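Spelled out from the first residue to the last, the chains are:
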Amino acid sequence: MYTGNLLGFGLAVSSSAFIGSSFIIKKKGLQRAAASGTRARSGGYGYLLEPLWWIGMFTMVVGEFANFIAYIYAPAVLVTPLGALSIIVSAVLAHFLLNEKLRRMGVLGCVLCIVGSTVIVLHAPSEHSISSVEEIWDLATQPAFLLYTASAIAVVMVLVLYCEPRYGQTNMMVYIGVCSINGSLTVMSVKAIGIAIKLTLEGSSQVARYQTWIFVMVAVTCIITQLNYLNKALDTFNTAVVSPIYYAMFTSFTILASAIMFKDWSGQSVSTIISVLCGFMTVLSGTMILHSTREPDPQPVSDIYSSLSPQISWIVHANGEIWKHKDNDESCPEVAIIQPDHFK
C-alpha cells in the first residue's frame, strides 16, 4: 500500500509539473501564431500550424495521462490536491518567461485558491465502488444528474451564444466558465471510460457495450470544447490568473457533479459539509482577489486600427488654405486635423 501511494504521489507531482508547464508553452505558441495571423481570441486557428503549441499540447497530454495513472495506484484524497501544484508552476514560469508579473496580492489569491480547493477535496466524501459501465450509466441517467447535465448545457450555450460576443474579451469568467462546466462532464465520462478499460484489462470486456462509446463521444466533445475556449482564455488574459481560477472552478464543478451523480453527501456529518462550504468561500475569496489584481494584456496597435476603413481627412496649412487629403496622396502636409467622426 505504501509503495502504491508513493508511486501515485510521484506521478501526481510529475503531472502537475507537466500541466503547469503546458500552459506557458501553449501561450508562447499562441503568441507566435498571433504574430503572423489571426489571434485565437478573434476566431483564428493559426496556432494549429505552430509546432510550439503542439509541444504544449503534448506536454498537457503527458501530464493528464500521468494523473490518470496516479488514480490507479493512490487514493483521490492524495492525488487531487496535488493538482494545485500546477498553478504554482504556471504562475512562476509566467512570471519569468512571459513577463506576467505576479504581485503580492496575486500570490495571496493563488494561496487562497489552493487552500480552498485543498479543503474541499480533503473533506469531500469518498466515492462508491463501481464495478461496471452499466452501473455508471444508471447513475448518469438518474433524474438529478440529468437535471444537472441539462442545466450545464444550457449555461454553456448562454455563455457561448450570448456572453462571449459581448463580454468574452473583457471578462475571463466567460471562457473559464465554459471550460469548467464542460470539465465536470468530462471527468464523469472519463471516469466511466477508465472503469471500462480497467474491467477490460481484467478480462471483462466492455468494448461491445454501447454505454462505453456514448461516454467516449461525450468525453471527446467536451474535451474539444474545453481546449478551444481554454486557448481563447490564455490568449486574452494573464496566464497567472487564468490558471488558478480555472483550477478552482473546475474542481468545484467536478465535486458538485460527483456529489449529484454518486450521492456522496448521503449520510455525511455536519462538520464535513461545513468544511466544504468554508473551502468554497476560500476559493471565492481567492478568485475575487486574483480578478481584482489582474493586469490586462496590452492590446496590439494593429488590433485597434485594423477595423478602420480608409478615410478622407482635411488638411489645414499654415496659411489657412483648406486642402482635402486622400490616403494615396504622397504629399506631406504641415498640420493634419482629423474629423471627429473618423473613429466612429
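(A) Seen up close, helix H8 (residues 172–201). Across its 30 residues, H8 extends 42 Å between first and last C-alpha, which sits within 8% of the 44 Å expected from 1.5 Å per residue. At the N-terminal end of H8, a side-chain oxygen is found 3.0 Å from the backbone nitrogen of methionine 173, two or three residues along, and the residue is asparagine 171. One or two positions beyond H8, positive phi appears at glycine 203, with a value near 110 degrees.

(B) Just the confidence of the model for the protein, in detail. Scored by pLDDT, the protein comes out at a mean of 76, with 74% of its residues at no less than 70. Here residues 332–344 is a poorly scored stretch, pLDDT under 50, and it has 17 contacts once near neighbours within four places are set aside; other chains count.

(C) Molecular detail of the nonpolar core. In this structure, Ile136, Phe145, Ile176, Phe215, Leu230, Val242 and Met261 are the most contacted members of the largest nonpolar core, which totals 46 residues. Elements represented by at least two residues in this core include exactly helix H1 (2–35), helix H2 (51–73), helix H6 (133–140), helix H7 (143–167), H8, helix H9 (210–236) and helix H10 (239–262). Ranked by size, the runner-up nonpolar core spans 7 residues in total, among them Val121, Ala248, Val276 and Val283.

(D) Expanded view of a nonpolar patch on the surface. There is a patch of nonpolar side chains on the surface, built from Leu6, Phe9, Val13, Leu85, Ile88, Val92, Phe96 and Leu97 and spanning about 710 Å² of accessible area. Secondary structure elements with two or more residues in the nonpolar patch: H1 and helix H4 (85–97). Examining the composition of the nonpolar patch, we find that 5 residues originate from one element, H4, more than from any other. Given the relative accessible area of 52%, leucine 97 is considered exposed.

(E) Broad picture of the side chain of glutamine 211. For glutamine 211, the location among the structural elements is in helix H9. Since its relative accessible area comes to 8%, glutamine 211 is described here as buried. Other than its neighbours up to four places away in sequence, glutamine 211 contacts Val133, Glu134 and Trp137.

Rules used throughout
Residues numbered from 1 in each chain as written. Predicted model: local features only at pLDDT ≥ 70, side-chain atom pairs only at ≥ 80, totals over all residues. Heavy atoms only, no water. Helix = DSSP H or I, 4+ residues; strand = E, 2+ residues; numbered from the N terminus. Expected span 1.5 Å × (residues − 1). Polar contact = N/O pair within 3.5 Å; in protein donor to acceptor, adjacent residues only side chain to side chain. pLDDT = per-residue confidence, 0-100. Contact = heavy atoms within 4.5 Å. Core = buried A, V, L, I, M, F, W, Y, C linked by side-chain atoms within 4.5 Å. Buried < 20%, exposed > 50% of the residue type's maximum accessible area, 1.4 Å probe, protein only. Patch = residues over 30% accessible without salt bridge, like charges linked within 9 Å, V, L, I, M, F, W, Y side chains within 5 Å. Areas by Shrake-Rupley, 256 points an atom, 1.4 Å probe, with all protein chains shown as cover. Salt bridge = Lys/Arg side-chain N within 4 Å of Asp/Glu carboxyl O.

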